[in-house]
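# Survey of secondary and tertiary structure
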There are 2 protein chains.
Amino acid sequence: MPIHFSDMGTNDSGVRGRTRRAILAAAASVLARDRSATLAQIADAAGVGRSTLHRYFPDRDELVAAVIEDSLAAIERSVQDAALDQGPPREAMRRLVAAMLENGDRLMFLWGDPNLLAAYEPAVSDDCPEPPPQAGLELIRRGQAEGVFDPGLDPEWIQQIVWAVVYTGVEQVDRGLISRHGVYAAVVRTLENGIRPPGS
Amino acid sequence: MPIHFSDMGTNDSGVRGRTRRAILAAAASVLARDRSATLAQIADAAGVGRSTLHRYFPDRDELVAAVIEDSLAAIERSVQDAALDQGPPREAMRRLVAAMLENGDRLMFLWGDPNLLAAYEPAVSDDCPEPPPQAGLELIRRGQAEGVFDPGLDPEWIQQIVWAVVYTGVEQVDRGLISRHGVYAAVVRTLENGIRPPGS
DNA sequence: CTTTTTTGACACATCCATGTCCCATTTTGA
DNA sequence: TCAAAATGGGACATGGATGTGTCAAAAAAG
């Protein structure tokens, strides 16, 4: 009577941790480009058998939930490193953009399906008494207070715009319509000035 | 020996034309919010039986293709009315935004799944020797030439941004986070200035 | 009113993704 | 080297969406 899987992958080191991360990354990458991708496709992309995938994530919902959680964590980590509460708002915003661009696949996955986050957030908000700090919103409000960001726009709207513009950039890169280096410049420039030439 | 369906709905007037349009509108609305919606759901939303839906569109692919075509046509019509080649570029762009906002559902449907258009365009490009005039791109180039729009940005990029920002607005309205009147102002303001306060 | 058209509900057969076992083989780690 | 852990492939059952067909009833057209 063998006891299988005493450690369900929460351990980052070891075989299981690595396999788990490979699956999550592959799933994000595949699902970002095709939400209705088959589990077989995902397993293929991860380089594992479909059986193995089912061993780590019993059903599709659990896998998707795990990918969401993992993607949020990865992005949150990058954002954390950006230290948005430090320095001038405009430069902090640029660091935020760079942080988001670092996680292209996960960002495409999360943002590509508006229903995903909407269906997931209420699931975790039960455990978490208060919503996450939302470093992005904090930065936006700070920028508005300093007059660097438009105070006439709703902070939440600005946040949506940031995500949308970055997402557009990631997507264009994915299609090879923009070089990987050029995105950052285009996104920042568009975000800061819109479609108007920088010199007013 | 009754001969059924002598007119497959190409006729705008009459029962078949109206039913066809109802199905197309409902399909766009439902699919915009859930790409994997069931044909039964779509039939329900259209107020017809699933049998009737199958009578108008033999299979799912044909329905989707028809919705794409119909949505493109509807938007194109609105854009046509906007007379983008007339007047100052900035005001033309505002008319373009208004035209797109008029077709919220269809725009969400078309833009929501990047693969849709990508998979459809090559199918019609075989019949159409040249790509459509792309009035939007024309306007952007004109604006750049006059120095109203940033010449340092790729016209195609600007076009993507316009779609993205409008789409974001439509989505926010759909979720009730923005009033239907407020969208236009927010979209135009963001598009023209980015997140920076209008007064440079 | 009569004829024709159109419709909706039901009954099917079918296909495909999914989830569950099982077992031989490989990999890991002591 | 050897035992335990992990894997991959296959077989199998299942459910849900899809496509097809039939038929009586409703709607439209004459």
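These remarks concern the structure in this document. (Residues numbered from 1 in each chain as written. Chains lettered and ligands numbered in written order. Predicted model: local features only at pLDDT ≥ 70, side-chain atom pairs only at ≥ 80, totals over all residues. Heavy atoms only, no water.)

By nearness alone, 21 residues border DNA strand C, and Leu39 and Arg60 of chain A together with Thr52, Arg55 and Tyr56 of chain B come closest of all. Backbone sugar and phosphate groups make up 54% of those atoms of DNA strand C lying within 4 Å of the protein. A distance of 2.9 Å separates a phosphate oxygen of DNA strand C from a polar backbone atom of Leu39 of chain A. A distance of 3.0 Å separates a phosphate oxygen of DNA strand C from a polar backbone atom of Gly49 of chain B. Secondary-structure elements contributing two or more residues to the surface near DNA strand C are helix 3 (50–56) of chain A together with helix 1 (14–33) and helix 3 (50–56) of chain B. At 4 residues, the largest contribution of residues to the surface near DNA strand C is made by helix 3 of chain B. A class-by-class count of the residues in the surface near DNA strand C yields 7 nonpolar, 8 polar and 6 charged. (Near = heavy atom within 4 Å. Polar contact = N/O pair within 3.5 Å; in protein donor to acceptor, adjacent residues only side chain to side chain. Helix = DSSP H or I, 4+ residues; strand = E, 2+ residues; numbered from the N terminus. Nonpolar A, V, L, I, M, F, W, Y, C, P; charged D, E, K, R; others polar.)

This brings us to the relation of the copies chain B and chain A. Overlay of chain B on chain A (RMSD 0.0 Å): rotation 180°, translation along the axis 0.0 Å. With respect to symmetry, the two chain copies, as superposed, fit the operation of a two-fold axis. Judged by C-alpha distance, Gly194 of chain B is the residue of chain B that lies nearest the rotation axis, at 1.9 Å. When you check the interface residues of chain B against chain A, 100% turn up at the interface there too, and the contact is symmetric in its surfaces. (Least-squares fit on C-alpha atoms with pLDDT ≥ 70 in both. Contact = heavy atoms within 4.5 Å.)

Along the chain, Glu192 of chain B falls in helix 10 (residues 182–193). Take Glu192 of chain B: its relative accessible area is 11%, and that puts it in the buried class. Apart from residues lying up to four places away in sequence, Glu192 of chain B is in contact with Asn193, Gly194, Ile195 and Arg196 of chain A together with Arg90 and Arg94 of chain B. (Buried < 20%, exposed > 50% of the residue type's maximum accessible area, 1.4 Å probe, protein only.)

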